[in-house]
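Here's the letter readout for the chains.
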Amino acid sequence: MALNHTAVQLALRNRMLSLGALLPAGRAYENEAFTPRPGQSYLEEDFVPATSRMIGGPAAGGRMEHAGLYVLRWYALAESGIDDRPAIDALLALFTPGTTVPAGTETVRIPTDFAPNAGGFIPTADPGFAACKITIPWRVFSTNTVAA
């Protein structure tokens, strides 16, 4: 069975959106038009599809592991990013190691061997913003289907 990346991405996005008012009003989603507004913080989404490997055989019906990244960039107003740190901490708390998120017929798992993390706020090329990169690793286990 092929991994449904769209279902995984939407499940992670919906969990992130559960923060509601803590999130910036502007949100740049993958493959959707977005123009940042001067003076308004925004969030940018980048979904890195999985790499896959077989972790148990035989090939037909064996166990597969799919691992990818959900990367968010939080663009805060320059020199005020520290004000957004509690919201970023709340976001990370949604994805603690061991968390599971249903995604259609799949279950997305936040790994226990390395945790989601957020960097510091770094000034961007746009002088009005500083960005914080939030990286959320994920895994999905499935059964391997061998094409006939």
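Above this note sits the structure.
A quick note: this is a predicted structure, and the numbers were derived from the prediction, not measured. (Residues numbered from 1 in each chain as written. Predicted model: local features only at pLDDT ≥ 70, side-chain atom pairs only at ≥ 80, totals over all residues. Heavy atoms only, no water.)

### Observations regarding helix α2 (residues 85-93)
Test applied: Between buried and exposed lies partly exposed: a residue is buried under 20% and exposed over 50% of the maximum accessible area for its type, with that area taken using a 1.4 Å probe on protein chains only. A run of H or I in DSSP becomes a helix once it reaches four residues, and a run of E becomes a strand once it reaches two; helices and strands are each numbered from the N terminus. Along the arc lie the directions from the helix axis toward the C-beta atoms. Here, residues are in contact when the closest pair of their heavy atoms is within 4.5 Å.
Along α2, the residues classified as buried are Ala87, Ile88, Leu91 and Leu92. Looking down the long axis of α2, one finds its buried residues gathered within 145 degrees of arc, a one-sided arrangement. Summarising the contacts, the buried residues of α2 are in contact with α1 (5-17), β3 (63-77), β6 (117-118) and β8 (129-143).

### Observations regarding the pattern of salt bridges
Under the convention used in this document: In what follows, salt bridge is the name for a side-chain nitrogen of Lys or Arg lying within 4 Å of a carboxyl oxygen of Asp or Glu.
The full count for this structure, using the stated rule, is five salt bridges. A salt bridge links Glu45 to Arg13; its shortest N-O distance comes to 2.5 Å. Placement of the pair is Glu45 in strand β2 (residues 42-56) and Arg13 in helix α1, with a sequence separation of 32 residues. The exposure class of Glu45 is buried, given its relative accessible area of 6%. We note a salt bridge from Arg139 to Asp113, for which the minimum N-O separation is 2.9 Å. Remark: Asp113 occurs in the loop between β5 (106-109) and β6 and Arg139 occurs in strand β8; sequence separation between them is 26 residues. The class of Arg139 is buried, set by a relative accessible area of 17%. Residue Asp113 is classed as exposed on the basis of its relative accessible area of 52%. Via salt bridges that share partners, Arg53, Glu65, Asp113 and Arg139 belong to a single interconnected network.

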